[in-house]
Amino acid sequence: MGKRRGRACVVVLGDIGRSPRMQYHALSLARQASLQVDIVAYGGSEPHMAVLENQFINIHKMKQWPVRPHGLPKILNPLILLLKPLFQFFMLLWYLCVKIPAPDIFIVQNPPSVPTLVAVKWASWLRNSMFIVDWHNFGYTLLALSLGRSSPFVAVYRWFERHYGRMANGSLCVTKAMQHELAQNWGIKAIVLYDQPPEFFHPASLEEKHKLFCRLDKVISQPYGIRDCASYGSIGMRNCDLTETLFTTMADGDIFLKPNRPALVVSSTSW
Ligand SMILES: *[C@@H]1O[C@H](CO)[C@@H](O)[C@H](O)[C@H]1NC(C)=O
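What counts as what
In every chain, residue numbers begin from 1 and rise along the written sequence. Reporting of local features is limited, given that this is a predicted model, to residues whose pLDDT is at least 70; pairs of side-chain atoms are given and counted only at 80 or more, and all residues count toward the totals for whole chains, interfaces and linings. Only hydrogens and water are removed before side-chain values are computed, so all heavy atoms of the structure are retained for them. UniProt positions are given in the numbering used here, feature names are shortened, and annotations may be inferred rather than shown by experiment. Each helix is a run of H or I in the DSSP string that is no shorter than four residues. Each strand is a run of E no shorter than two, and both are numbered from the N terminus. The rule is simple: take the accessible area with a 1.4 Å probe, protein chains only, and divide by the maximum for that residue type; under 20% is buried, over 50% is exposed, in between is partly exposed. Only heavy atoms enter the contact rule, under which two residues are in contact if any of them lie within 4.5 Å. Only the protein chains shown count as cover for residues, and all accessible areas are computed by the Shrake-Rupley method using a 1.4 Å probe. The definition used for a disulfide is geometric: two cysteine sulfur atoms within 2.5 Å.

- With an unreviewed UniProt entry as reference, the protein is termed Glycosyltransferase subfamily 4-like N-terminal domain-containing protein, source organism Hevea brasiliensis.
- The Pathway (unreviewed entry) field of the UniProt record for the protein holds the comment "Protein modification; protein glycosylation."
- Listed in UniProt under the heading Subcellular location (unreviewed entry), the comment for the protein reads: "Endoplasmic reticulum membrane".

Okay, here's the thing in structure tokens:
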């Protein structure tokens, strides 16, 4: 008690609510490493409750580059490609060097690499902090998907990513393949850190499944189309306290998966 907690700053040039891995990092740093954590990111979607409720985690939401008005002449595109990172760069510097207390360590998600890596490297100089990069992907390859491999912007982007990536005091990455690429191409020695989702990600228990299928029962037993197999053999209207769903049955308080249950496919987008 009374001992000063160390500080870490987690930087994402993106929506923190859509960055589960950086949220896990923040949670681990706060819980296991007992650090005071500042997250500097954009808002948008809600981060997980565990992050919001943790008293040692503070979220600082940056202002975003204004959405481009429609009908702007195409000739301005290169100008915007230059202005946007400059705007982001000064916004990052403002937060990392002024708005938050000096951290012992910065952890930044890459990509986006420009201007993030430059801004965090400079901030770590100015604030005398360690600079750690968490590699999720190569930013320049993502940029090449939209601009084409031969675009000069991609070459400049790649230079920044490589040059500043190599300046890190430490590097983390998501897979062995990424580790190999980083070592082979850029001489960066990264440590693979697999995602270890917190306890709120776990396989659903039978009881949770049963409750879910009870809640969904009406929806899945009403056919949307003539071949809707889920409606096959369904038993009309039921109330919330079901003893039987399409997938589960309850007998004497115990829940079982039905042997003749249909297959269930969950897809991430409209399929
Ligand atoms: C981090 O890297 C910088 C530049 O390479 C170096 O000057 C600094 O001493 C390093 N910090 C630590 C704690 O290793």
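Here the narrative resumes, following the displayed structure.
## Here we look at the overall build of the protein
Now for step 1: When you go through the protein residue by residue, the secondary structure sums to eight helices and nine strands.
Now for step 2: Counting all 271 residues of the protein, 40% fall into the buried class.
Now for step 3: Within the protein, residue pairs in contact and separated by at least 24 positions form 62% of the contacts whose partners lie at least 6 positions apart.
Now for step 4: Of the accessible surface of the protein, which amounts to about 16900 Å², a share of 59% is contributed by carbon and sulfur atoms.

## Some remarks on the state of the cysteines
Now for step 1: For the structure on display, the rule yields zero disulfides.
Now for step 2: There is no disulfide at C9, and the cysteine sulfur nearest it, in C97, is 10.0 Å away.
Now for step 3: Under the relative-accessibility criterion, C9 is labelled buried at 0%.

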